[in-house]
Amino acid sequence: HYRYKRQFDTSNTPQIDLNITVPYVFSARLYPFGESKGDQILVGSSQIIKLNRSFKFLGKEYDAVNIRRDGAIGLSAVPMKPSKIPSPQPVIAIYWMAAQGGKVHYRESNDSSLLHLVENEVNIQYRYGSSFKPTSVLIVTWENTHEITEPNLEGNSFQVALIMSDSGTFAHIVYSKLNSNKNAVVNIYYIISKILNLIYFIIFL
């Protein structure tokens, strides 16, 4: 896997950049999560939360997100269900399929040790150096959620860290354990088969 030094785009042109780390190079390490870390637990199928800091996604600014049990983060309050991308409503699809059970943990933090950790993770991939300084991070962890039609299967565990800064916003997505797949949608493509220990970055400018 090749890493490169990237310059921030100052043209304000909406764009998405994708950088993938294959499983045999790096293990899929989840960021620390759980109630002991200050996480809240999703009750029901979705929850809208107000962010301390807004971020841009494809040219539009958002200050709230809709955390969903089905493996997505919605960017509007409009009801939705898993569908092909582009979706009628703006959405960040992590592993988007009809799901139930398990736990969904979430928290937004500006803890200095966590910001230092995500800064290092971004620089491992993009080598921005001192020009990149995160200001806030939203971590959402899906732990053992599973397909509605096959509740006896072992669940899926995955995570996204939405890393916000003055320069841009990164989505650091980590798949720790994927045991079931009902045509799950991941941002701009379908997951066709199991992907284990895959890590990738998306940057929204």
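For the structure, check the block above.
Thresholds, definitions, all that
- Residues numbered from 1 in each chain as written.
- Predicted model: local features only at pLDDT ≥ 70, side-chain atom pairs only at ≥ 80, totals over all residues.
- Heavy atoms only, no water.
- Pairing = 2+ DSSP bridges.
- Helix = DSSP H or I, 4+ residues; strand = E, 2+ residues; numbered from the N terminus.
- Axes fitted to C-alpha atoms, helices over the stretch in contact; angles between N-to-C directions.
- Buried < 20%, exposed > 50% of the residue type's maximum accessible area, 1.4 Å probe, protein only.
- Core = buried A, V, L, I, M, F, W, Y, C linked by side-chain atoms within 4.5 Å.
- Contact = heavy atoms within 4.5 Å.

Draft legend 1. Spotlight on the sheet that holds strand β3 (residues 46-57). The 4 strands are arranged β3-β4-β5-β6 in an open sheet whose pairing can be described as antiparallel. Where the open sheet ends on each side, the last strands, each with one partner, are β3 and β6 (91-93). Pairwise comparison of adjacent strand axes, ignoring direction, gives a mean angle of 25 degrees for this sheet. Sheet topology note: the strand β4 (residues 60-68)/strand β5 (residues 72-74) ladder contains 2 bridges and is antiparallel. By the bridge assignment, asparagine 66 is partnered in β5 with glycine 74.

Draft legend 2. Structural context of the pairing of strand β9 (residues 134-147). With 11 of 14 residues buried, β9 lies mostly within the body of the structure. Note that strand β7 (residues 99-100) and β9 share 2 bridges and pair antiparallel. Paired with glutamine 100 across the bridge in β9 is histidine 146. Where β9 meets strand β10 (residues 156-165), 9 bridges bridge the pair, whose relative direction is antiparallel. Within β10, the residue paired with tryptophan 142 across the bridge is phenylalanine 158.

Draft legend 3. Representation of the nonpolar core. Counting residues in each nonpolar core, the largest one holds 29 residues, and the members touching the most others are Phe55, Val65 and Val140. Mapped onto this core, the elements with two or more residues apiece are β3, β4, β8 (103-109), β9, β10 and β11 (169-177). The contact partners of valine 65, leaving out residues within four places of it in the chain, are Gln47, Ile48, Ile49, Leu51, Phe55, Ile73, Gly74, Leu75 and Leu138. If you look at the next biggest cluster of nonpolar residues, it comprises 13 residues, including Leu114, Val118, Tyr126 and Ile163.

Draft legend 4. View of the pairing of β8. Most of β8 sits inside the fold, with 5 of its 7 residues counted as buried. Relative to β8, strand β2 (residues 40-41) runs antiparallel, the two being bridged by 2 bridges. Its bridge partner lying in β8, isoleucine 41 is registered against histidine 105. The pairing of β8 with β9 spans 7 bridges and is antiparallel.

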